[in-house]
There are 4 protein chains.
Amino acid sequence: MNSFGNIFRLTTFGESHGRALGGVVDGMPAGIAVDIDFIQQELDRRRPGQSLLVSPRKEGDRVEILSGLFEGRSTGTPIGFVVYNQNQDSSDYEHLKACYRPSHADFTYAVKYGIRDYRGGGRSSARETLSRCVAGALAKLALRELGIEVCAYTSQVGPIALSGGYADYDLSRREENSVRCPDPETAQRMMDLISEVKAAGDTIGGVVTGVIRGVPAGLGEPVFNKLHADLGAAMLGINAVKGFEYGMGFDGVQYRGSQMNDSFRMEGGRVVTATNHSGGVQGGISNGQDIYFRVAFKPVPTLLQELSTIDEKGNPVIVKPRGRHDPCVLPRAVPVVEAMAAMVVLDHYLMNKTKHL
Amino acid sequence: MNSFGNIFRLTTFGESHGRALGGVVDGMPAGIAVDIDFIQQELDRRRPGQSLLVSPRKEGDRVEILSGLFEGRSTGTPIGFVVYNQNQDSSDYEHLKACYRPSHADFTYAVKYGIRDYRGGGRSSARETLSRCVAGALAKLALRELGIEVCAYTSQVGPIALSGGYADYDLSRREENSVRCPDPETAQRMMDLISEVKAAGDTIGGVVTGVIRGVPAGLGEPVFNKLHADLGAAMLGINAVKGFEYGMGFDGVQYRGSQMNDSFRMEGGRVVTATNHSGGVQGGISNGQDIYFRVAFKPVPTLLQELSTIDEKGNPVIVKPRGRHDPCVLPRAVPVVEAMAAMVVLDHYLMNKTKHL
Amino acid sequence: MNSFGNIFRLTTFGESHGRALGGVVDGMPAGIAVDIDFIQQELDRRRPGQSLLVSPRKEGDRVEILSGLFEGRSTGTPIGFVVYNQNQDSSDYEHLKACYRPSHADFTYAVKYGIRDYRGGGRSSARETLSRCVAGALAKLALRELGIEVCAYTSQVGPIALSGGYADYDLSRREENSVRCPDPETAQRMMDLISEVKAAGDTIGGVVTGVIRGVPAGLGEPVFNKLHADLGAAMLGINAVKGFEYGMGFDGVQYRGSQMNDSFRMEGGRVVTATNHSGGVQGGISNGQDIYFRVAFKPVPTLLQELSTIDEKGNPVIVKPRGRHDPCVLPRAVPVVEAMAAMVVLDHYLMNKTKHL
Amino acid sequence: MNSFGNIFRLTTFGESHGRALGGVVDGMPAGIAVDIDFIQQELDRRRPGQSLLVSPRKEGDRVEILSGLFEGRSTGTPIGFVVYNQNQDSSDYEHLKACYRPSHADFTYAVKYGIRDYRGGGRSSARETLSRCVAGALAKLALRELGIEVCAYTSQVGPIALSGGYADYDLSRREENSVRCPDPETAQRMMDLISEVKAAGDTIGGVVTGVIRGVPAGLGEPVFNKLHADLGAAMLGINAVKGFEYGMGFDGVQYRGSQMNDSFRMEGGRVVTATNHSGGVQGGISNGQDIYFRVAFKPVPTLLQELSTIDEKGNPVIVKPRGRHDPCVLPRAVPVVEAMAAMVVLDHYLMNKTKHL
């Protein structure tokens, strides 16, 4: 089960220190102009080594598109792509080979499969998400033709949180700093905190906020594949995510219905709502308002400190991870959140076309 | 897309005021003893009219199993079931027929399908979840043979929240009060609040906490169908849910990795963790510890008050809902949360059997 | 895996002598006028007891639609339906309870599930196909709005075969005789043969030919879900089917490419082919010409004769089936072939809508 | 929809003259020893240029495995693979660019997608089947551990057919001649015919027979995904296939049930059948006997002759294909039939594991 989506469907493969990672995008609509530079740029946004805040692993991460395009356009056939690993040196992981790092997937993979590729976490590495960025970039290119825009940003790192909502910032500015927060002042405090955490060999969590604008009313399956349920599953499928909420979210539970209802009215011949506590989705179906959501990322467990754990035989051991790790995954998670959201929206857009003859 | 699950798979049908609701459970393992009384009891837990806190709609909600059983055991063939609606009187909805209730699915269904059954919300009614309780009860019967137990309870109503975690209470006591909170004193305060809200013609939200005990290590697909991602999608697919978190959840984002790591150790020949911030899942795969999660329910939008909205033509109108509504959905949502969780775990248990020859 | 189709998707349940059979149709496009009398008529075409040539089992087979319709139209929500078994008397099967009838599914079900409902074959009974006729009728109603017509007829019974192809007959005449062959003279010979076979307590096989007219060019997935591959899987999923061919079929293998090519030309502004050896499908995708195919049905194994076999313990036994059986399934298979074909075409029509934004 | 299978699932990508072809195998059981040389050998069996009877296209067709293996064994994670096209020179196709070759997929792709890669048929080329051979080889390696063997051979070319059934020949000898027929004398006559047809710039069809030995009783879903239905869909998804039959097939329709029944008996403590008209499948589920089937391949439409057709604007044109084509696809189709059959059986083996707790 390494596929995601129903009509627009991504299947990924690859391990952190194997030969290559990549995937197949099935269901890309035909005739879309595909800008390969844009895909590479999206991929570059999650590349290691792009700033001092993230893993210094040296990888060019060049995507090679193998099929599905002809004369610059999608043909409707599957788009295969591959990113070769340049850095396959796994010597940093030799000493972890026989032990289970705390809060990592080492133990659970070993139990599940009876065999595991211990090098850099193997398949459990967040490096797998590069394939999602490629597929997300393709989805974005299609959504762009529909006037739909997907945007995410870092809204909290540790205890440092933006005070405003998504509409209070110029989100295009998020790319101006390496933590991807649209408010420069808050961004600086976040970066300072990450630097401090990094210096301590520790890690820190945070929240990414996502916004989708321009979604027409009517997208989403009303029962099990509600638009927000598919968005939630998409986000919870990203490494290190511990929670998802949309619209009023967890905060909304303490209010009364009379405080949270979004009343309808007409505006410019179009149905709009006076407020948007619903987060753009009602009954699982988009209502044409902005969709916004928040995704909680835990502090990742790879500390550059001595950790006590057990080995494969159950003996207590002390490990000290080396290698290249992110003190905070938020900056590199932002493009992954966008990619997953773009795939979900495009998939629902295409599914919705089947509701009528 | 009215199906849920991969191997153990539920497909539902039915509308609030139509002839009947029901479904088909495909993939029930063969040879499981099926106690029909237990299924009915589970269904009774979400029935309207069971207390003064919930909708007074008069429905016996008798489930009729139509297939898939033989001499008291599952045969491995699909289990069809139906619950006939006794109360099909939709006169309470006639006056809402042409207008869009705020924060309801009326508008989005109309846009999506171009036609909608306005009676009691039609397909968008939470009445659809009775089919999930039937399927969940079947899943529970199978899980019981594996020693896996699924349990949920109301942990918050409006601002009133339990102060402890799931391990601080005797969860079996949740059924002793009508709000399904395991702490009698907190339960009373929750019930008082709901009564007050009800008297005001208003509604209130809350949080349901779920716990799954006895899950063996190894369940969950590591990438897109992580165990917690499928749980999250299951919960987000329940009416009125706005958020899902598991393990350390949103709170965990402010801590450092060194504070949140769950170190492994051996206990009675078994790998356990010293703490459980991970919530029983690592890398998307169960690690054998308790799985716990929280689900946010909004205050539902059906107020017994005058509401200003628009009709199908865009004209402003005032509606005043009548009919039978829940001032707080939490008490009746608890069995639905359990049902969905049970289905997810059984489905993953069965999928996991395919990982080896 | 009791579901069929991708977008237009049928899930069935029910056993021959259980409480009821039925199913859920998911993905019916919204807004289609649904004529319930037509659905019942389609179901009546496969009902037992309709002539002396088929099983005399007494069943009214009344379909009850439980959801998904509103004011005579499909709403886009799932259509649940049920057909209660009137005749649940299974005493004719008591003596077969512990033994494996030759060429039946008794043995294979017992091995697969470890438990089986022996009454009338349980789930393996062709009675399950009544659910397909209901779903097929719904599909036909949608296809009718697109000008697509699905038609099948008996073209061979034992050695008696029609000499012409589908275009040589007025297919509407197939319903004028109980064997459903459009040529009255051949039909009479077929019926005489079936009567003779029946008198001998034996059974006989045959071929059903299917024709689909009005399919626009462009339907079908080009690789694994070729239009003809999905049609083939649909037909091979009908009880007693042993083979499927379309267009030139098995006969075509002895010819040369130069004899079998279908050259293109324009006719009335439309691309047509001079011949149609391709059977309306090229590269897995419809080309706008008639689609035609042939389905081989074996002589069913339930003979009213003494049969030597083994019981569940492996002891040799002699069984003599009683009960109500068809000496030739062809007449009642014709509507099932039509139903399955209609579902496949509608499903592909809807899938094809997703190929472009 | 470029994926095949449920648990063991292949997704393919790639065009005839694009950068590369390849795919992802998801669901390979963990811990299987993977012999990469064997995979390459299987791929070599369908390579062009291996004899004078087949297309002389120069392609090394080296498969590169990119993921999913560790220290020689499958890890349970997806196996990505790629085969780069060496020969991307498409100049032989320039003159066909704007016209629709008769009985090819040129026209149907153009209608479906509005854009097509005309070079060598693009995605519609049988070159796509190389990915199936890779996946099939992986499936064979898993099946080998279960004692299941899949074998196919050419049983008919044009009018020249083997007189015996599969049990009358030593099938291992099929690889001794380039037409892959196990009877040397018949093979010679087939090869002579193909040479004659080739010299005439023409093509010829034929039949491939498949045999699967060692399948345990119990595999197959009883209703829609009958074992033989999935086999049929697999075969009908291979380029140029026009028909599929198993067991008694089309021939069986003329016999009576009393002639075709397979009576059960015990042999060495195991249930066997006296005859095997059923072809190893009863009620859609394997019964432990040999599974055998026949697949009809049409004479492919690419003739090295002048052909009259139309161009994209509907104007009549004469085309004369050049390039590298097979006068008869049977020899290279044999490994593809085996590959598809192996995938189906392994997939059903794994699905069957989910029928019990």
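Above: the structure in question.
Note that the structure is predicted; figures quoted are calculated from it, not measured. (Residues numbered from 1 in each chain as written. Chains lettered and ligands numbered in written order. Predicted model: local features only at pLDDT ≥ 70, side-chain atom pairs only at ≥ 80, totals over all residues. Heavy atoms only, no water.)

## Observations concerning the overall build of chain A
Part 1 of the argument: Along the backbone of chain A there are 7 helices and 19 strands.
Part 2 of the argument: For chain A, whose C-alpha radius of gyration is 21 Å, the value lies close to the compact-globule estimate of 21 Å for 357 residues.
Part 3 of the argument: Summarising its shape, the C-alpha atoms of chain A cover approximately 65 × 50 × 40 Å along the three principal directions.
Part 4 of the argument: Taken over 357 residues, chain A has a buried fraction of 71%.
Part 5 of the argument: Once local pairs closer than 6 in sequence are excluded, the contacts in chain A between residues at least 24 apart make up 69%. (Helix = DSSP H or I, 4+ residues; strand = E, 2+ residues; numbered from the N terminus. Rg over C-alpha atoms; globule rule 2.2 N^0.38 Å. Buried < 20%, exposed > 50% of the residue type's maximum accessible area, 1.4 Å probe, protein only. Contact = heavy atoms within 4.5 Å.)

## Remarks on helix H5 (residues 227-236) of chain C
Part 1 of the argument: Burial runs high along H5 of chain C: 10 of the 10 residues are buried.
Part 2 of the argument: Turning to H5 of chain C, its buried residues number three or more, namely Leu-227, His-228, Ala-229, Asp-230, Leu-231, Gly-232, Ala-233, Ala-234, Met-235 and Leu-236 of chain C.

## Some words on the packing of aromatic side chains
Part 1 of the argument: Tallied over the full model, the rule gives 38 aromatic pairs over all chains.
Part 2 of the argument: With a centroid separation of 6.3 Å and an interplanar angle of 65°, the aromatic rings of Tyr-100 of chain A and Phe-264 of chain B are classed as edge-to-face. Of this pair, Tyr-100 of chain A sits in strand S8 (residues 99-100) while Phe-264 of chain B sits in strand S13 (residues 264-267), which puts the two residues in different chains. The same class applies to Tyr-100 of chain A as to Phe-264 of chain B, namely buried.
Part 3 of the argument: Between Tyr-100 of chain B and Phe-107 of chain B, the aromatic rings sit 5.3 Å apart at their centres with planes inclined by 65°, giving edge-to-face as the arrangement.
Part 4 of the argument: Looking at Phe-107 of chain B, the relative accessible area reads 6%, which means it is buried.
Part 5 of the argument: The ring of Phe-38 of chain C carries Arg-144 of chain C above its face, with NZ or CZ at 4.7 Å from the centroid. (Phe/Tyr/Trp six-rings, centres within 6.5 Å; stacked < 30°, edge-to-face > 60°. Lys NZ or Arg CZ within 6 Å of the ring centre and 35° of its normal.)

## Concerning the pattern of salt bridges
Think of it this way: side chains of opposite charge can pair up when their charged atoms draw near.
Part 1 of the argument: In total, this model carries 99 salt bridges over all chains according to the counting rule given.
Part 2 of the argument: Here Lys-140 of chain B makes a salt bridge to Glu-338 of chain B, at a shortest N to O gap of 2.6 Å. Placement of the pair is Lys-140 of chain B in helix H3 (residues 129-145) and Glu-338 of chain B in helix H7 (residues 330-352), with a sequence separation of 198 residues. Glu-338 of chain B matches Lys-140 of chain B in its accessibility class, with the two residues each being buried.
Part 3 of the argument: Taken together, the shared-partner salt bridges in this structure form one network comprising Glu-42, Arg-45, Lys-140, Arg-174, Glu-175, Arg-180 and Glu-338 of chain A. (Salt bridge = Lys/Arg side-chain N within 4 Å of Asp/Glu carboxyl O.)

## Re the relation of the copies chain B and chain A
Part 1 of the argument: Here chain B sits on chain A after a turn of 180° about the axis and a move of 0.0 Å along it, with an RMSD of 0.0 Å. When the rotation and shift are considered jointly, the pair of chain copies conforms to a two-fold rotation axis.
Part 2 of the argument: A share of 100% of the interface residues of chain B reappears at the interface of chain A, consistent with the copies meeting face to face through the same patch. (Least-squares fit on C-alpha atoms with pLDDT ≥ 70 in both.)

## Describing the sheet that holds strand S8 (residues 99-100) of chain D
Residues and elements named next belong to chain D.
Part 1 of the argument: Overall, antiparallel pairing links the 3 strands, which are arranged S8-S18-S19 in an open sheet. Each of the sheet's edge strands pairs with one partner strand only, and the pair in question is S8 and strand S19 (316-319).
Part 2 of the argument: Pairing analysis gives 4 bridges linking strand S18 (residues 307-311) to S19, with the strands arranged antiparallel. Residue pairing across strands places Ile-310 opposite Pro-316, the latter belonging to S19. (Pairing = 2+ DSSP bridges.)

## Topic: the relation of the copies chain C and chain B
Part 1 of the argument: For the pair chain C and chain B, the superposition axis carries a translation of 0.0 Å, the fit reaches an RMSD of 0.0 Å, and the rotation angle comes to 180°.
Part 2 of the argument: Comparing contact sets, 100% of the residues at the interface of chain C also lie at the interface in chain B, consistent with an isologous, same-surface contact.

## Some points on the pairing of strand S11 (residues 206-213) of chain B
Residues and elements named next belong to chain B.
Part 1 of the argument: Here S11 lies mainly inside the structure; 7 of its 8 residues are buried.
Part 2 of the argument: Pairing of strand S9 (residues 149-157) with S11, which is carried by 8 bridges, proceeds in the antiparallel orientation. What sits directly across from Ala-152, in S11, is Gly-210.
Part 3 of the argument: Where S11 meets strand S17 (residues 291-297), 7 bridges bridge the pair, whose relative direction is antiparallel. Opposite Val-211, over in S17, you have Tyr-292 as the bridge partner.

## Focus on the interface of chain B and chain A
Part 1 of the argument: In this complex, chain B contributes 105 residues to the contact, which on the side of chain A involves 105 residues.
Part 2 of the argument: With both sides pooled, the region where chain B packs onto chain A buries about 7,800 Å², and carbon together with sulfur makes up 63% of that total.
Part 3 of the argument: Our count for the chain B to chain A interface comes out at 2 salt bridges.
Part 4 of the argument: A salt bridge links Glu-196 of chain A to Arg-256 of chain B; the shortest N-O distance between them is 3.0 Å.
Part 5 of the argument: Here chain B is connected to chain A by 37 residue pairs in polar contact (both at pLDDT 80 or more).
Part 6 of the argument: In this sheet, strand S12 (residues 241-246) of chain B lies alongside strand S12 (residues 241-246) of chain A in antiparallel orientation, the contact comprising 3 bridges. Directly across from Glu-245 of chain A, in S12 of chain B, lies its bridge partner Gly-243 of chain B. (Buried area = accessible area lost by both parts, 1.4 Å probe. Polar contact = N/O pair within 3.5 Å; in protein donor to acceptor, adjacent residues only side chain to side chain.)

## So, the interface of chain C and chain B
Part 1 of the argument: Taken together, the contact between chain C and chain B spans 38 residues of the former and 38 residues of the latter.
Part 2 of the argument: Across the chain C to chain B interface the summed buried area is about 2,900 Å²; carbon plus sulfur atoms make up 61%.
Part 3 of the argument: The largest per-residue losses of area from chain C upon contact with chain B belong to Leu-66, Phe-70 and Ile-115 of chain C, which jointly make up 21% of the total buried on that side.
Part 4 of the argument: In this assembly, chain C and chain B are joined by 11 residue pairs in polar contact (both at pLDDT 80 or more).

## Remarks on the pairing of strand S9 (residues 149-157) of chain A
Residues and elements named next belong to chain A.
Part 1 of the argument: Judged by how many residues are buried, S9 sits mostly within the fold: 8 of 9 residues are covered.
Part 2 of the argument: Sheet topology note: the S9/strand S10 (residues 160-161) ladder contains 2 bridges and is antiparallel. Bridge pairing in S10 places Val-157 opposite Ile-160.
Part 3 of the argument: Connecting the antiparallel pair S9 and S10 is a turn made up of 2 residues, with Gly-158 showing a positive phi of about 50°.

## A look at the side chain of Ser-16 of chain B
Part 1 of the argument: One can find Ser-16 of chain B in the loop between strand S2 (9-14) and strand S3 (20-26).
Part 2 of the argument: Residues within four places of Ser-16 of chain B in sequence aside, it is in contact with Arg-57, Asn-85, Arg-119, Gly-120, Gly-122, Ser-125 and Arg-127 of chain B.

## Let's talk about the packing of helix H5 (residues 227-236) of chain B against H7 of chain B
Residue and element names in this part refer to chain B.
Part 1 of the argument: With their axes 9 Å apart at the nearest point, H5 and H7 run at an angle of 145° to one another. The interaxial crossing formed by H5 with H7 has right-handed handedness. Residues Leu-227, Asp-230, Leu-231, Ala-234 and Met-235 of H5 touch H7, and the partners they reach there are Val-337, Met-340, Ala-341, Val-344 and His-348. (Axes fitted to C-alpha atoms, helices over the stretch in contact; angles between N-to-C directions. Left-handed = near helix turned anticlockwise from the far one by under 90°.)

## Observations concerning the sheet that holds strand S19 (residues 316-319) of chain C
All names here are of chain C.
Part 1 of the argument: Spatially, the 3 strands line up as an open sheet ordered S8-S18-S19, and their pairing is antiparallel. Of all strands in the sheet, those bounded by a partner on one side alone are strand S8 (99-100) and S19.
Part 2 of the argument: Taken together, the 2 bridges between S8 and strand S18 (residues 307-311) define a ladder with antiparallel strand orientation. The residue of S18 that forms the bridge with Cys-99 is Asp-311.

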